[in-house]
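Residue-level structural notes
The residues making up each chain are set out below.
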Amino acid sequence: YAAGGNSTVFIYNDRPGVLADITQILAVEGINIEDIRSPHNSEKQRSIAIVKTDREVSDAIITQIEEKIGSEASFQVSL
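Described below are features of the structure shown in this document. Values in this document were obtained by computation on a predicted structure and should not be read as measured data.

**Digging into the side chain of threonine 8**
Among the structural elements, threonine 8 can be located in strand E1 (residues 6–13). Here threonine 8 is in contact with Ala49, Ile50, Val51, Val57, Ile62, Phe75 and Gln76, once residues within four sequence places are set aside.

**Thoughts on the environment of glutamate 43**
Secondary-structure assignment places glutamate 43 in the loop between strand E3 (40–41) and strand E4 (46–53). Taking the C-alpha atoms as reference, glutamate 43 lies 21 Å from serine 74; in sequence the two are 31 residues apart.

**Notes on the packing of helix H1 (residues 18–28) against helix H2 (residues 59–69)**
It is the contact of H1 with H2, at a shortest axis distance of 10 Å, that shows an interaxial angle of 155°. One way to sum up the angle between H1 and H2 is to call them roughly antiparallel. Here H1 runs over H2; the crossing is right-handed. Residues Val18, Asp21, Ile22, Ile25 and Leu26 of H1 form the contact with H2, whose participating residues are Ile61, Gln64, Ile65, Lys68 and Ile69. Grouping the constituent residues of the contact of H1 with H2 by class yields seven nonpolar, one polar and two charged.

**Some words on H2**
Taken together, the buried positions of H2 are Ile61, Ile62, Ile65 and Ile69. The arc that holds every buried residue of H2, seen down its axis, measures 100°, which confines them to one face. Within H2, the exposed residues directed more than 90 degrees away from the buried face are Asp59, Ala60 and Glu67. Tucked inside the fold, the buried residues of H2 contact E1, H1 and strand E5 (73–78).

Cut-offs used in this document
- Residues numbered from 1 in each chain as written.
- Predicted model: local features only at pLDDT ≥ 70, side-chain atom pairs only at ≥ 80, totals over all residues.
- Heavy atoms only, no water.
- Helix = DSSP H or I, 4+ residues; strand = E, 2+ residues; numbered from the N terminus.
- Contact = heavy atoms within 4.5 Å.
- Axes fitted to C-alpha atoms, helices over the stretch in contact; angles between N-to-C directions.
- Parallel < 35°, antiparallel > 145°, perpendicular 65-115°, else oblique.
- Left-handed = near helix turned anticlockwise from the far one by under 90°.
- Nonpolar A, V, L, I, M, F, W, Y, C, P; charged D, E, K, R; others polar.
- Buried < 20%, exposed > 50% of the residue type's maximum accessible area, 1.4 Å probe, protein only.
- Arc of directions from axis to C-beta.

Put into structure tokens, the structure is as follows:
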């Protein structure tokens with residue numbers, strides 16, 4: 001995983017289909033995923049999705065994903 005580029009992070013309660021929801025919304029918007037990581041805390045049933053994309057993800061798209069997956073927090077980092 002190369003740190004450079006655009007990465008968006010979502011923190012959420014783990015359940016089936018969350019990663020599919022994230023990737024589907026990005027695909028519809030024409031944003032290519034270059035890498036995705038999803039560390040999971042089994043004890044708390046919480047996950048973090050770290051999605052590296054070929055370009056920045058707009059605030060509107062981040063909000064759309066947050067609402068769809070019930071994200072507790074999200075942010076984007078561009079290096």
